[in-house]
Amino acid sequence: MEIFLDSANMSEIGRWLDEGLVDGVTTNPSIMLADGVYDLTLGARQIAKLIHPLPLSVEVTTDDPDEMLRQGRTLAGIAENIVVKIPVIDRSGNPCLRVVRTLETEGIRVNVTACLSFGQAAMAAKVGATYVSLFAGRISDEGHDASAVIRATAEWLAYWGYPSRIIVGSIRQVFDVQAAALARAHVITVPPAFLGKLLDHRYSRDTVRGFLDDGRKALSKMEAAGV
Ligand code: E4P
């Protein structure tokens, strides 16, 4: 299972890269805005360079299919590790699968985003999406069982041999990571704050503190004994 960072924050990405934990990065226009990245092209170029050769997902910012294609090609031209994020439907509910299929046919990897159901993820896989992004938090917002949707999608992909990989996003609490992992997500994209929380534990700190204290005590006993 891979861990992606759901962030456009260069210092957080660098920090978790150094820990060896990051297999890729996902962004969307809201994340870019929140992290102070207003020039999407420049931001994408900088993050892609920082994490190369790991994949960076960058989303188009239009509802028009032809403009999506143009933006997708431009984004993919910024760096070889850029994956283009295309929403599964536009704001009016029109499918964007033609755009996905066209880009994938041209050799551009696509992450079909904003999927909130098994059906959306399955249809995205059918047109050849490299990744399908299931938004766990938003599925739960609607009163549905995100783990059940992730598990059903993972089982269906495996049964029929589709190569698309599920990215579970919209992580809202630390436990969502465990739930997605057990539901067989291929990738979980995690906001940096949750990675810190996943690793930290009060009792681990106490444990380490105790070992350090005893190590120091042993050293002073050895010094007092003139060893
Ligand atoms: C991931 O690819 C999504 O962009 C992101 O996780 C959405 O999260 P949100 O529902 O918290 O906005």
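Throughout what follows, the structure given in this document is the object of discussion. What you see is a predicted model, and the numbers here were worked out from it, not measured in a lab.

Calculation notes
- Residues numbered from 1 in each chain as written.
- Predicted model: local features only at pLDDT ≥ 70, side-chain atom pairs only at ≥ 80, totals over all residues.
- Heavy atoms only, no water.
- Helix = DSSP H or I, 4+ residues; strand = E, 2+ residues; numbered from the N terminus.
- Buried < 20%, exposed > 50% of the residue type's maximum accessible area, 1.4 Å probe, protein only.
- Contact = heavy atoms within 4.5 Å.
- Polar contact = N/O pair within 3.5 Å; in protein donor to acceptor, adjacent residues only side chain to side chain.
- Near = heavy atom within 4 Å.
- Areas by Shrake-Rupley, 256 points an atom, 1.4 Å probe, with all protein chains shown as cover.
- Nonpolar A, V, L, I, M, F, W, Y, C, P; charged D, E, K, R; others polar.
- Pairing = 2+ DSSP bridges.
- Axes fitted to C-alpha atoms, helices over the stretch in contact; angles between N-to-C directions.
- Core = buried A, V, L, I, M, F, W, Y, C linked by side-chain atoms within 4.5 Å.
- Phe/Tyr/Trp six-rings, centres within 6.5 Å; stacked < 30°, edge-to-face > 60°.
- Patch = residues over 30% accessible without salt bridge, like charges linked within 9 Å, V, L, I, M, F, W, Y side chains within 5 Å.
- Salt bridge = Lys/Arg side-chain N within 4 Å of Asp/Glu carboxyl O.

Here we look at the environment of T27
Position of T27 relative to the elements: it lies in the loop between β2 (24-26) and α2 (29-34). What makes T27 buried here is its relative accessible area of 0%. The spatial distance from the C-alpha of T27 to the C-alpha of S133 is 12 Å, given a sequence separation of 106 residues. Once residues lying within four places of it in the same chain are set aside, the contact partners of T27 are S7, A8, M32, I47, L56, S57, V58, E59 and K85. Polar side-chain contacts of T27 include one of 2.7 Å to the backbone oxygen of S57.

So, the site of the ligand
If you check the shell around the ligand, you find D6, N28, K85, F135, R138, G169, S170, R172 and T189 and nothing else. The contact in question runs from an oxygen atom of the ligand to an N or O atom on the side chain of D6, over 2.5 Å. Within the contact set of the ligand, an oxygen atom lies 2.7 Å away from a side-chain nitrogen or oxygen of R138. Surface burial for the ligand is 85%, taken as the share of its 340 Å² of free accessible area covered by protein chains. When the residues that make up the shell around the ligand are grouped by side-chain class, the tally is one nonpolar, four polar and four charged.

Considerations on the sheet that holds strand β1 (residues 2-6)
What the eight strands build is a closed barrel, ordered β1-β2-β3-β4-β5-β6-β7-β8; its pairing is parallel. Neighbouring strand axes in the sheet, compared pairwise and without regard to direction, differ in orientation by 30° on average.

Digging into the nonpolar core
If you look at the biggest cluster of nonpolar residues, it comprises 61 residues, and the most contacted ones within it are L56, I82 and I86. With six residues, the top contributor of residues to this core is helix α8 (residues 146-160). Dropping the residues within four chain positions of it, L56 is found in contact with V25, T27, A44, I47, A48, I51, N81, I82 and V83. Grouped together as the second largest cluster of nonpolar side chains are five residues, F4, Y131, I167 and V187 included.

Digging into the packing of aromatic side chains
Summed over the entire model, instances satisfying the criterion amount to four aromatic pairs. Consider the rings of F118 and W156, whose centres lie 5.8 Å apart with planes at 90°: the pair is edge-to-face. Within this pair, whereas F118 is found in helix α6 (residues 118-126), its partner W156 is found in helix α8, the two being separated by 38 residues in sequence. With centroids separated by 5.0 Å and ring planes inclined at 80°, the aromatic side chains of Y159 and W160 adopt a geometry described as edge-to-face. With respect to burial, Y159 and W160 carry one shared label: exposed.

Some points on a nonpolar patch on the surface
A contiguous nonpolar surface patch, about 310 Å² in accessible area, is contributed by L219, M222 and V227. Judged by its relative accessible area of 43%, L219 is partly exposed.

Things to note about unusual backbone geometry
Note the cis peptide between H52 and P53, where omega equals 10°. Within the element layout of this structure, P53 appears in the loop between α3 (40-51) and β3 (56-59). Here the phi dihedral of S170 falls at roughly 60°; this positive angle occurs in a residue that is not glycine. Residue position: S170 is located in the loop between β7 (165-169) and α9 (174-182). Overall, S170 belongs to the buried group, its relative accessible area being 14%. Despite not being glycine, R184 shows a phi value in the positive range, around 75°. Within the secondary structure layout, R184 lies in the loop between α9 and β8 (187-190). Looking at R184, the relative accessible area reads 63%, which means it is exposed.

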